[in-house]
Amino acid sequence: MLLEILLFIASCSSSPAAVDVYAAFMNDEANEVIKAAIRTHREVIVIAVGDVKGELAGRPLNYYASDRPTILQTRSDLGGETVEARLAHGLGKRMNPVEFSSHIESLTAGGAAARTVLGGKANPVLSIIRFNPQARTRNPIVIITGIEMGRQPSLVQPYLDVVFSAIHDLSEASPKRGGMTLSVFATSGGVSERLNPGDLTSVRSSVFIGAEVIPHPTGPKTYDGVVALISENHVKSIFKKNFSTREEAEKAAKEAFLQLKQKDISSTPLLSGTSLTASFFVGPELKEQGQKLGLINANMEDFHILSSASRAPFRDLQISRLITDPPSIPEALRKAVGNWAKTTRYTFRHYEDAIFWGLQGSSLESVPNTARWSAFDRLSGTDLTKYLPHLMIDGKLSVLDPFLVEIASEFLNEAMNGQTLTTLIKGEKSFEGAISYSITDGLSPEQISRLNELMEVRTKKIQTQARRIKDLANQNVQPADLRREIRKLIALHADLEIPTEHPLLGELINNLESRIRLADSESSPDHARVTSLSKKLEFLKLHQRIPLLRAEEEPGAETHQHLEKWVVPFRWDGNIGRKVSYLHLSALTSAQVDRAFYLVGLLSLTRSAAADWFKTRHQDLAQKYDLTRAERILMIFCKKHGILKELPH
């Protein structure tokens, strides 16, 4: 009888286990981890930056589960006994609107894009999203996503510190209930020559190079150029020097890192897996130095995760990095990408397929044929499988086009936020680069204002249509209806020409004719200038239109490395696709090719590896922390009958 009672008690009880905390930064990593967690049928709570409504980590909520989740915002006055309510309350207490906002604002790097900063004001809002409403377990899964990373590295640790602290205060995370574990599944660039795309690495220490914001109460911010190592919870400063700009600080940190020798970082013993964390995209030169120092991969988060984790009482920590691009790329592959970029244009169908595919979750089972990266079609004698992950697309072994991936993941969100078109430069500044072929340099402030009005009207129409598409996608309308609305959005975005009958067109022609006469009548005519202006005039008279573009920077500007700027369309010779490379660039730089390869691997590899990794990791933790069946039966029996006051730690 006693044995039957013990077996009954054991079968009705949940095993004592830790609160499993997972951190995922990029959307394509986060949404796969969230989906995998939900399939465990445990209590799943997601902590996300911002006011989450119908979308999480770049996907509609119905992408994760058919049941709509509970959504709360962090508030110190929030009551309730559920885990999500207590967590929202705990975070609300720590994120004091005045103190925390001021702290975050002081650490925001000037000029850098930041999810947590809107309109120059700190926006320290976190949302708590609860999935699997039927589950009320003692060991919930908590997933953190959307925290700032590379572009704003100084913001990572403040957010992680408050989140880790709030989770630790949950009764479910008490030591007697199993404590907390921390896991990170993320992608990274390859550094070690021993690793290929698709390999999974374990990180235990990290070297940081980059800029850190130093707030000054009475003056402007400055920036420390930093090289530092964190290993076994010990941080060692290798280089630190203060500068007035972020660019100067990062440049100094890069130079210091390139001068390092193995002995410079080996006084603090390196563990088996040491990564490179940087506040910028790591190019070939830094990867080569990383190889000499024995580093395994490059990313933007590890150093900050390890630093925050060292201040929280985690029972176990595991950072798993999936290699997405090779440490070095043969010249033949680099040249193939460069040649492709000079000539490739995207049609309406490319944009339609990419946006539709993104709304469906960018599933690898439904990759459109237009998403094939044709850069390598004529390349022979190179084993691409060593450098790029392959997929079967339309029955053919193929590689994903990273630019189409960017359109799929970013275009619609940017359109909703009014970011796909940029208001033209105002005042006395030149329009060089703001409008195709620099036709508008020399316009008056009044003419500039009238052009801006045209742009703003079009931007509002684009925003309205993008929101309509998002709403329809969340309502699961028929694919044909959704595609029709996408085509309307593309047409709005492509038709950026000043109407033929608009008086500004005549003014621009008169403006150019006057400038040509003036330049030609000078005592020493600038023939190159006259020729340039004449070509612009010929273009205007021939086409009677001005295709408006997002502002472009001069060659070599840092923003050239961001691929989202490479997919802004304009109408030209029947296509809306612009050349993939900038109008001013003759070829791609090494860093741009590296980033393109990285994006290919990001989507391909995370989709195939996240669920398997999550399942394996969960089993590892269960085996590590759960009591054996016999011990569990004995402890439950003893506790029930007062023999033990509490379960052992």
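In the block above lies the structure referred to throughout.
Below or above, wherever it landed, is the structure these notes cover. All values reported here derive from a predicted model rather than from experimental measurement. (Residues numbered from 1 in each chain as written. Predicted model: local features only at pLDDT ≥ 70, side-chain atom pairs only at ≥ 80, totals over all residues. Heavy atoms only, no water.)

**Observations regarding the overall build of the chain**
Rules: Helix and strand labels come from DSSP, where a helix needs a run of H or I of at least four residues and a strand needs a run of E of at least two; each type is numbered from the N terminus. Classification of residues uses two cut-offs on accessible area relative to the type maximum, computed with a 1.4 Å probe and protein chains only: under 20% is buried, over 50% is exposed, and between them is partly exposed. In this description, contact between two residues means that some pair of their heavy atoms is separated by no more than 4.5 Å. For every accessible area listed, the method is Shrake-Rupley and the probe measures 1.4 Å; residues are considered covered only by the protein chains on display.
Within the chain one finds 18 helices and 19 strands. Evaluated residue by residue, the chain yields a buried proportion of 56% over its 649 residues. Sequence separation of at least 24 residues holds for 77% of the intrachain contacts in the chain that already meet a minimum separation of 6. Working note: accessible area of the chain is about 28,700 Å², and carbon and sulfur atoms make up 51% of it.

**Points about the nonpolar core**
Definition in use: In plain words, nonpolar cores are sets of buried Ala, Val, Leu, Ile, Met, Phe, Trp, Tyr and Cys residues tied together by side-chain atoms within 4.5 Å.
Counting residues in hydrophobic clusters, the biggest one holds 51 residues, and the most contacted among them are Ile 47, Leu 87 and Ile 167. Considering each element in turn, this core owes the most residues, eight residues, to helix H5 (residues 156-168). Not counting chain neighbours up to four residues away, the residues in contact with Ile 47 comprise Leu 87, Leu 91, Leu 126, Ser 127, Ile 128, Val 142, Ile 143, Ile 144, Thr 145, Val 163 and Ile 167.

**Let's talk about H5**
To keep it simple, the criterion reads: Here a helix's expected span is defined as the number of its residues, less one, multiplied by 1.5 Å.
The terminal C-alpha atoms of H5, which comprises 13 residues, lie 18 Å apart, in line with the 18 Å expected from a rise of 1.5 Å per residue. With respect to burial, H5 is a largely interior element, 10 of its 13 residues being buried.

**Description of the packing of aromatic side chains**
Each aromatic ring pair is described using two quantities: the centre-to-centre distance and the angle formed by the ring planes. We count it as follows: Only Phe, Tyr and Trp rings are paired, with Trp represented by its six-membered ring, and only when their centres lie within 6.5 Å; those with planes under 30 degrees apart are stacked, over 60 edge-to-face, the remainder tilted.
For the coordinates displayed, the defined rule picks out 14 aromatic pairs. Here the aromatic rings of Phe 164 and Phe 314 are separated by 4.9 Å at their centres, their planes lie at 90°, and the arrangement is edge-to-face. Of this pair, Phe 164 sits in helix H5 while Phe 314 sits in strand E17 (residues 314-325); the two residues are 150 residues apart in sequence, bridging distant segments of the chain. On the basis of an interplanar angle of 75° and a centroid distance of 5.8 Å, the ring pair of Trp 340 and Trp 373 is categorised as edge-to-face. With Trp 340 in helix H10 (residues 331-343) and Trp 373 in the loop between helix H11 (348-359) and strand E18 (391-393), this pair connects stretches of sequence that are 33 residues apart.

**Here's the deal with the pattern of salt bridges**
Rule in force here: The term salt bridge refers to a side-chain nitrogen of Lys or Arg lying within 4 Å of a carboxyl oxygen of Asp or Glu.
Summed over all chains, the structure comprises 24 salt bridges. Residue Glu 43 pairs with Arg 130 through a salt bridge whose shortest N-O separation is 2.8 Å. Taken together, the positions of Glu 43 in the loop between helix H2 (27-38) and strand E2 (44-49) and Arg 130 in strand E8 (residues 126-131) put the pair 87 residues apart, joining distant regions of the chain. Close ionic contact of Glu 172 with Arg 86 constitutes a salt bridge, the shortest N to O distance being 2.7 Å.

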